[in-house]
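Given next are the chains, with one letter for each unit.
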Amino acid sequence: MMLSAIRISWPHYSRRVVCVCSYQFSTRVSNAVKDPLPHNNKPNLVENEKRSVRVIPVITKSEPLCTTLPPNVNPDWELIVTDWKNVPSMYLRLSKIRLTTLVVITTMAGYAIATAPFHVGTFLSCCVGTGLVSSAANTINQYHEVPFDAQMSRTKNRVLVKAQLSSLHALTFAFMAGTSGLSILYFGCNGLTAMLGASNLILYTCIYTPLKRMSIFNTWVGSVVGAIPPVMGWVGCTGSMDPGAWLLASILYAWQFPHFNALSWNLRPDYSRAGYRMMAVTNPGLCRRTALRYTALITVLSGLAPICDITNNFFLIQSLPLNLYFTYLAFRFYKESDSANSRKLFRFSLIHLPLLIVLMLINKKRWFMKNDSEKLLANESSITAETNNLKPIDSPVKAGNGLFIISSQ
């Protein structure tokens, strides 16, 4: 069975909107679609407040399929043939590969900073599994936001918006990536890591994605999503939620606000056009204040790393100039909220996080650790060595009421 992606344009709207859906066409498609849709009649549509359109499939014939349309079909219906040579690159675009790479890097940092022995197999399983789960979440997010992405300059060229892949194809990819990623996390790491991955997948696709059009609270929910990957790395290494894991999550949570608020500031026209309720659109003052507050909070949280026994005291001294400059850029953005300052804050946020992670790794308190079995084996070896070094024990002989030692020498 084959599914074809159809791109439909509705010219009677004031704004040209591209809608993507999946249809099944039989060899007798002329019987299924006898009359083309007239321009003056609206099909089954669900119209949002910004006049975006989601098309509901109305042709459901489950017969042998063809790959061409008859000539009497409305020319506004355009058949899109998938170029299979470009499918791998399309999968990368569905996965938002740059965002997924950042997620994997924070997961690697959480594993490397954790106070437990380093195992290559578990480390690779944690990174690959997290990357696959992130790819699945981003694909489902794009599936839900096709009509809205079509109205934004930044997202109008995405795979599903341009109908380069069918919706069913994208969802199949998301299902395979999600299930394989969670399986790798469960069998390669532990159940707690897999549970965190599943929770983050649900939180991003089922709560954060629809909340973007409902409330500015979506930014706080999205920050939780960004804070979980380093915890997955830590738990994948240690198997438990230690204070260090909570500290890493807090730092990543706070970092999301200056990063995203600065990014969204220059995208306000796009977000407004698509109907997304972002702080930069609905409450610009709160957007600036929030960026400044959480940037200052990062400096405080960094000072807790030595207290949580993650780094030595030199980390506090070395990270202070980095965090203070980050706060300075946030203060500039708060005072003069123009495109230049928001762009400087956003770009430095991309530098700040990797540098902070590198400093934590350099100043990690304990690099070489042994697991319990290795410690037990080392203790047994030391006991055996001490026993071998002992002199022969003299044998006591009881005589009357006393003990007399017969020397072996």
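Rules used in this analysis
Residues numbered from 1 in each chain as written. Predicted model: local features only at pLDDT ≥ 70, side-chain atom pairs only at ≥ 80, totals over all residues. Heavy atoms only, no water. Helix = DSSP H or I, 4+ residues; strand = E, 2+ residues; numbered from the N terminus. Buried < 20%, exposed > 50% of the residue type's maximum accessible area, 1.4 Å probe, protein only. Contact = heavy atoms within 4.5 Å. Areas by Shrake-Rupley, 256 points an atom, 1.4 Å probe, with all protein chains shown as cover. UniProt positions renumbered as here; feature names shortened; annotations may be inferred. Salt bridge = Lys/Arg side-chain N within 4 Å of Asp/Glu carboxyl O. Phe/Tyr/Trp six-rings, centres within 6.5 Å; stacked < 30°, edge-to-face > 60°. Core = buried A, V, L, I, M, F, W, Y, C linked by side-chain atoms within 4.5 Å. Expected span 1.5 Å × (residues − 1). Axes fitted to C-alpha atoms, helices over the stretch in contact; angles between N-to-C directions. Parallel < 35°, antiparallel > 145°, perpendicular 65-115°, else oblique. Left-handed = near helix turned anticlockwise from the far one by under 90°. Nonpolar A, V, L, I, M, F, W, Y, C, P; charged D, E, K, R; others polar.

Caption draft 1: Here's a closer look at the overall build of the chain. The helix and strand tally for the chain stands at 15 helices and seven strands. Counting only residues that meet the buried cut, the chain has 46% of its 409 residues in that class. Contacts spanning at least 24 positions in sequence make up 74% of the contacts within the chain whose residues lie at least 6 apart. Entry remark: accessible area of the chain is about 21,100 Å², with carbon and sulfur atoms responsible for 62%.

Caption draft 2: Main features of the environment of K96. With respect to the helices and strands, the residue K96 is situated in the loop between α2 (87–94) and α3 (97–113). Residue classification places K96 among the buried residues on the basis of a relative accessible area of 18%. For the pair K96 and R158, spaced 62 residues apart in sequence, the C-alpha separation works out to 9.9 Å.

Caption draft 3: Fine view of the UniProt feature "transmembrane region" (unreviewed entry) in the chain. Following the UniProt record, the feature "transmembrane region" (unreviewed entry) maps to residues 97–114, 184–204, 216–234, 246–265, 286–307 and 345–362 here. Summarising residues 184–204: 90% helix, 0% strand, and an end-to-end C-alpha distance of 20 Å. Annotation note: span residues 216–234, helix share 89%, strand share 0%, distance between end C-alpha atoms 30 Å.

Caption draft 4: A look at the pattern of salt bridges. Taken as a whole and judged by the stated rule, the model has four salt bridges. In this structure, D149 and R158 form a salt bridge, with 3.0 Å as the shortest nitrogen-oxygen distance. R158 shares its class with D149; the two are buried. For R273, the salt bridge goes to D270, with nearest N and O atoms at 2.6 Å. Here R273 pairs with D270, and both are found in helix α10 (residues 268–274), just three residues apart, close to one helical turn. The exposure class of R273 is partly exposed, given its relative accessible area of 30%. What makes D270 buried here is its relative accessible area of 8%.

Caption draft 5: Geometry of the packing of aromatic side chains. By the definition in use, this model includes 17 aromatic pairs. Summarising the aromatic geometry, the rings of Y111 and F123 are spaced 5.3 Å apart at their centres and angled 70° between planes, so their arrangement reads as edge-to-face. In this pair, Y111 is assigned in helix α3 and F123 in helix α4 (residues 120–144), connecting sequence segments twelve residues apart. On the basis of relative accessibility, which here comes to 1%, the residue Y111 falls in the buried class. A centroid spacing of 5.0 Å and a plane angle of 40° characterise the contact between F118 and F123, whose relative ring orientation is tilted.

Caption draft 6: Region of the structure containing the environment of V128. Here V128 is to be found in helix α4. Between the alpha carbons of V128 and S180 there is a distance of 9.6 Å; along the sequence they are 52 residues apart.

Caption draft 7: Up close: the nonpolar core. In this structure, I113, W234 and L345 are the most contacted members of the largest nonpolar core, which totals 66 residues. Of all the elements, helix α9 (residues 243–265) adds the most residues to this core, at eleven residues. Formed by nine residues, the second largest nonpolar core is a distinct cluster that contains M90, V146, V159 and L165.

Caption draft 8: Here's a closer look at the side chain of R158. Within the secondary structure, R158 is located in the loop between α5 (146–149) and α6 (167–188). Taking relative accessible area as the criterion, R158 reaches 18% and is therefore assigned buried. Here R158 is in contact with R93, K96, Q142 and D149, once residues within four sequence places are set aside.

Caption draft 9: Broad picture of helix α8 (residues 218–238). Compared with the 30 Å implied by 1.5 Å per residue over 21 residues, the 31 Å span of α8 between its first and last C-alpha is a close match. G239 occupies a position one or two residues after α8 and carries a positive phi of about 85°.

Caption draft 10: Here's a closer look at the packing of α4 against α6. Remark: α4 packs on α6, axes separated minimally by 8 Å, with the N-to-C direction vectors making an angle of 155°. Considering the angle they form, α4 stands roughly antiparallel to α6. For α4 against α6, the interelement crossing comes out left-handed. Considering only residue class, the contact of α4 with α6 consists of 15 nonpolar, ten polar and no charged.

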